[in-house]
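Breakdown of the fold
Here are the chains, one letter per residue:
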Amino acid sequence: ISVASGRLSFALGLQGPCVSVDTACSSALVALHGAWRAVLGGECPEGAASAVSLKLTPQVTLAAATAGMLCLDGRCKTWDARANGYVRSEGVGCTVVAPGGEGAAGVGLLGLAVRQDGRSASLTAPNGSAQRALLLAALAEAGVAAAGVARLEAHGTGTALGDPTEAGSLAATLCGRASGRASPLAVAAAKASIGHSEAASGQAGLQRLATALGRLVAGG
């Protein structure tokens, strides 16, 4: 896997930090976190966080199906009581990070945070308290109050366990009494439209959110 990023640096003549990241579904955003930190630390003038997910062999799909992780009707039902698994999809994306935190589509990056679930019900089960800590860390890094968040791109896999846990974490952190929120929070998930591109899913969500924010800014 190291050759994947190394080949890009070789072809483009890039000599800054070059790292291949594999953290499953969060790979694209963890790579972005690394690129952003490298730029802020002066290790390189700009950074490129790329992600790709291609379904070239059937083994992973067969394993996921056997484990009961995939939906039976081929629809990713995010935030739906009928949610019964996710849909595998392909994706390729890249975000260039420039000095000053400018990122996708010219939208500024104010703060990023990375955390692990730690101990939970199982290896793949989400941990609500860890999710809440992650949100608070990202808000603190960005210097933004919970009430100041207007739009959010969620993970939203369309699973009976993951979605309620994520929704509960978002509600407790961004919409609870302590948040001081007075206006609704718009929450979306790209997977409901394009499926779960796994390692590249964070890029899909980021680009979708950047496009929405760009339109919001352009529209005043």
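Read on for a plain summary of the structure. Treat the numbers as computed from the prediction; the structure is a model and nothing was measured.

**Some words on unusual backbone geometry**
For Ala24, which is not glycine, the phi torsion reads 60 degrees and is therefore positive. Tracing the backbone through its elements, the reader meets Ala24 in the loop between α1 (2-12) and α2 (27-40). For Ala24, a relative accessible area of 46% puts it in the partly exposed group. Positive phi, close to 55 degrees, is recorded for Glu198, a residue that is not glycine. Assignment of secondary structure puts Glu198 in the loop between α6 (191-194) and α7 (201-218).

**Examining the side chain of His196**
Examined against the element boundaries, His196 turns out to sit in the loop between α6 and α7. Classification of His196 as buried rests on a relative accessible area of 1%. Engagement of the side chain of His196 in a polar contact is seen with the backbone nitrogen of Glu198, the distance being 2.9 Å. His196 has contacts with Cys25, Tyr86, Val87, Arg88, Ser89, His155, Thr157, Lys191 and Ser201, leaving out every residue within four places of it along the chain.

Parameters at a glance
- Residues numbered from 1 in each chain as written.
- Predicted model: local features only at pLDDT ≥ 70, side-chain atom pairs only at ≥ 80, totals over all residues.
- Heavy atoms only, no water.
- Helix = DSSP H or I, 4+ residues; strand = E, 2+ residues; numbered from the N terminus.
- Buried < 20%, exposed > 50% of the residue type's maximum accessible area, 1.4 Å probe, protein only.
- Polar contact = N/O pair within 3.5 Å; in protein donor to acceptor, adjacent residues only side chain to side chain.
- Contact = heavy atoms within 4.5 Å.

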